[in-house]
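# Architecture at a glance
Below are the chains, spelled out letter by letter.
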Protein chains: 2
Amino acid sequence: MTERAVCVIGTGLIGGSLVRAADKAGRVVWGTSASEETAAQARADGFDVTTDADAALRRAAEADALVVLAVPLPALDGVLRRVDAVAPGCRLTDAVSVKVAVADAVARLAPRARYVGGHPMAGTAESGWSAGNGELFTDAAWVVAADDGVDLDVWADVAELAWACGARVVPAAADEHDIAVARVSHLPHLFAAVLASVGAAGDDDLALALAASSFADGTRVAGTRPELVLAMCEGNRDALLAAVDDALGRLGAMRGALASTGGLAATVRAGHEARLRWAAARNPRRVRVRRGRATPAELREIGRRGEAVVGWA
Amino acid sequence: MTERAVCVIGTGLIGGSLVRAADKAGRVVWGTSASEETAAQARADGFDVTTDADAALRRAAEADALVVLAVPLPALDGVLRRVDAVAPGCRLTDAVSVKVAVADAVARLAPRARYVGGHPMAGTAESGWSAGNGELFTDAAWVVAADDGVDLDVWADVAELAWACGARVVPAAADEHDIAVARVSHLPHLFAAVLASVGAAGDDDLALALAASSFADGTRVAGTRPELVLAMCEGNRDALLAAVDDALGRLGAMRGALASTGGLAATVRAGHEARLRWAAARNPRRVRVRRGRATPAELREIGRRGEAVVGWA
């Protein structure tokens, strides 16, 4: 495995965890933060983090490092303009939770970059450098985009970084990724928000006083900073609308059954079976592929089967 | 505090935890299970559990014990007929998750019982004796019904049992309880079921492969045995319908905003604020009341304010 250097733009929860994990894996890694306070905190923790993004990107260009964009979607355009100005042909990936919108922005603003989209499926309701930790990606799925025409050399760089951080790689087309995360990540955030609002909507404080673990778990991600939730959900509008409509259809059918026969068995049993399927998917089949030889189509099929790439054959 | 004996009918997760907690608190406690296997397991663990419900109820009548019904709603009628036959005037409470339906059943089938409804707000996605533990109720809210005309002596018995198990008492009218738990307990189960189904509904296994903590938490209670979820949700139909309609209204408004302006701020910010309100409610104001003197109306106001009774004044 190569030991490619890593430059992380944005050192919040995800970027900050990535700096720590890459460092722990023995990589040369440096990062940038827009916040003086965050950069100082990270340096105090012993990491190489600066507020000078241009300097970090210049260093990346010189070292042929892998640049990882770990900023929220609304901050992306500004960062991409700096990439194009300072490190135009760099190896580039990201950790943003939508993939089509990022690929479009890269094509528009940093078209010379050797970009391969990425998305580590890890997070907590906390945010910021101090919430990060070097184990955040351990055993997590890390999507590495595998659209036709992808740069397989950079794809390998990103996969190797994911493995170095303890994650498994799930290859996916950018649009298929966005549809999938709308269902399993963005919709859960909207459900959590609505559930929290319904729980707090009573005429008095009795309902919140009785809220126990089912409410606590069902609303946990509503504790996430709204700006982060809005950035990821609003950045995936079309796929999210389809997921919302699927959910509304199921809720409407459930409502009809409850009102007419009073029966909820179809809803509850289907949900239970789905949860068991998810539990089984927690331990996916691990596969290996030949470095630079597996085609994008072959890689995508691995992800569609729910399998994960854990190393080179 | 009196040391009233306790007879627990049904030793699944809740009843089994209650047997252990009451025993740990120094109470004389015995239980019954319809299952030979469960009773044998409980006895092997050192507890007084039999399959002979009639004998357990006779003993309760002789000892003037507090009888706690900890069976699922569909099993309640059969148990109440035995109560009326063997211990007709007993002190009676329950741990069933709806209160109006239980009160109606008691009035119909065991009208001589000195019944005060109860509902400890604790649980896990597991079930059965082996899933129970004597700490399940520690720091939990335990609703003790305080409708007009309630037997304040039995109310005190139930409150003292709740305190002995480490819980705090939230007084509530039966119908107000049902409306509250529809919002904060039953609706979360239906949301979890629908969310799990949407996540598993893709054409392939990619979405489940990418499901991480937001999906895991949002669907956790879909892992509960469907029979238990159906019993509690279907037993609270009217209140649940109102909660579902509230949720559908909010989801519809959110869907409209996403489709038109693409903006989700109203939904996400309201949910975030509601979650913060819930977090604040985790540490309610603790109050004390005079034993047998606080009126049902006074007790109910405590619950409506989100406060909890933790002992006698």
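For the structure itself, look to the data block above.
Just so you know, the residues in each chain are numbered from 1, in the order the chain's sequence is written. Chains and ligands are labelled sequentially in the order written, the chains with letters from A and the ligands with numbers from 1. Since the coordinates come from a predicted model, pLDDT governs what is reported: local features require at least 70, and pairs of side-chain atoms require 80 or more to be given and counted, while whole-chain, interface and lining totals use all residues.

## Re the sheet that holds strand β4 (residues 66-69) of chain A
All names here are of chain A. For two strands to be treated as a pair, DSSP must find no fewer than two bridges joining them. By definition, any uninterrupted DSSP run of H or I lasting at least four residues is a helix, any uninterrupted run of E lasting at least two residues is a strand, and each is numbered from the N terminus. Strand order across the open sheet formed by 6 strands is β3-β2-β1-β4-β5-β6, with parallel pairing between neighbours. With partners counted over all chains shown, the strands left at the sheet margins are β3 (49-50) and β6 (114-115), one partner each. The pairing of strand β1 (residues 6-9) with strand β2 (residues 29-32) spans 4 bridges and is classified as parallel. Opposite V6, over in β2, you have V29 as the bridge partner. We call two residues in contact whenever the C-beta atoms placed from their backbones are within 7 Å. Orientation is described by axes fitted as lines to C-alpha atoms, over the contacting stretch for helices, and by angles from 0 to 180 degrees between their N-to-C directions. Of the strands in this sheet, β1, β2, β3 and β4 touch helix α1 (residues 13-24), which is tilted by about 165° from β2.

## Points about the sheet that holds strand β2 (residues 29-32) of chain B
Residues and elements named next belong to chain B. Strand order in this open sheet of 6 strands is β3-β2-β1-β4-β5-β6, and the pairing throughout is parallel. One side of each edge strand has no neighbouring strand; the edge strands of this open sheet are β3 (49-50) and β6 (114-115). As paired elements, strand β4 (residues 66-69) and strand β5 (residues 91-94) share 4 bridges and run parallel to each other. Bridge assignment links V67 to a residue of β5, and that residue is L92. Each of β1 (6-9), β2, β3 and β4 is contacted by helix α1 (residues 13-24), which is oriented at about 165° to β2, the strand it contacts most. Sitting on the sheet, helix α3 (residues 53-63) is in contact with β1, β2, β3 and β4, with an inclination near 155° to β1.

## Quick word on the packing of helix α7 (residues 174-199) of chain B against helix α10 (residues 226-234) of chain B
Residues and elements named next belong to chain B. Axis separation between α7 and α10 bottoms out at 10 Å; the angle between their running directions is 130°. By the angle between their directions, the pair α7 and α10 is classed as oblique. In this structure, the crossing between α7 and α10 has a hand that is left-handed. Contact residues: α7 offers H186, H189 and L190, while α10 offers V229, M232 and C233. Counted by class, the contact of α7 with α10 contains 4 nonpolar, 2 polar and no charged residues. Should an angle lie under 35 degrees it is considered roughly parallel, over 145 roughly antiparallel, and from 65 to 115 roughly perpendicular; all remaining angles are considered oblique. For a crossing to be left-handed, the near helix must be turned anticlockwise from the far one by less than a right angle; the clockwise case is right-handed. Just so you know the grouping, Ala, Val, Leu, Ile, Met, Phe, Trp, Tyr, Cys and Pro go in nonpolar, Asp, Glu, Lys and Arg go in charged, and all remaining residues, Gly too, go in polar.

## Notes on the environment of I14 of chain B
All names here are of chain B. Inspection of the secondary structure puts I14 in helix α1. Separated by 57 residues in the primary sequence, I14 and V71 place their C-alpha atoms 8.7 Å from one another. Not counting residues within four places of it along the chain, the set of residues in contact with I14 comprises A70, A95 and P120.

## Structural notes on the packing of helix α11 (residues 237-260) of chain A against α7 of chain B
Closest axis-to-axis distance for the α11 of chain A/α7 of chain B pair is 10 Å, and the angle between their directions is 130°. As far as their axial angle goes, α7 of chain B and α11 of chain A are oblique. Our pair here, α11 of chain A against α7 of chain B, has a crossing hand that is right-handed. Residues A243, D246, A247, R250, L251 and M254 of chain A of α11 of chain A touch α7 of chain B, and the partners they reach there are L190, V194, S197 and V198 of chain B. Per-class residue counts for the contact of α11 of chain A with α7 of chain B are 7 nonpolar, 1 polar and 2 charged.

## Considering the relation of the copies chain B and chain A
To superpose the copies, least squares is applied to the C-alpha atoms of every residue with a pLDDT of at least 70 in both. Mapping chain B onto chain A is achieved by rotating through 180° and translating by 0.0 Å along the same axis, at an RMSD of 0.0 Å. The operation mapping one copy onto its partner corresponds to a two-fold rotation axis. Distance from the rotation axis, computed per C-alpha, reaches its smallest value in chain B at G218 of chain B: 2.2 Å. Taken together, the interface assignments show that 100% of the residues at the interface of chain B recur at the interface of chain A, consistent with an identical surface on both copies.

## A look at the interface of chain B and chain A
For interface size, the figure often reported is the accessible area lost on association. Contacts between the two partners involve 88 residues from chain B, matched on the other side by 88 residues from chain A. Counting residues per element, the side of chain B that touches chain A draws most heavily on α7 of chain B, at 19 residues. Looking at the side of chain B that touches chain A, its residues break down into 54 nonpolar, 18 polar and 16 charged.

## Considerations on the nonpolar core
What makes a nonpolar core is a set of buried Ala, Val, Leu, Ile, Met, Phe, Trp, Tyr and Cys residues, with links drawn between C-beta atoms within 7 Å. Every C-beta atom is placed from the backbone, and the number of other C-beta atoms within 10 Å of a residue's own sets its class: buried at 20 or more, exposed at 12 or fewer, partly exposed in between. Among the nonpolar cores identified, the biggest contains 241 residues, and V67 and L210 of chain A together with V67 and L210 of chain B are the most heavily contacted of them. Residue contacts for V67 of chain A: discarding those within four places in its chain leaves C7, I9, L57, A60, V83, A87, C90, R91 and L92 of chain A.

## Some remarks on unusual backbone geometry
In this model, D139 of chain A sits at a positive phi of 65°, which is unusual for a non-glycine residue. Mapped onto the secondary structure, D139 of chain A falls in the loop between β7 (118-120) and β8 (141-145).

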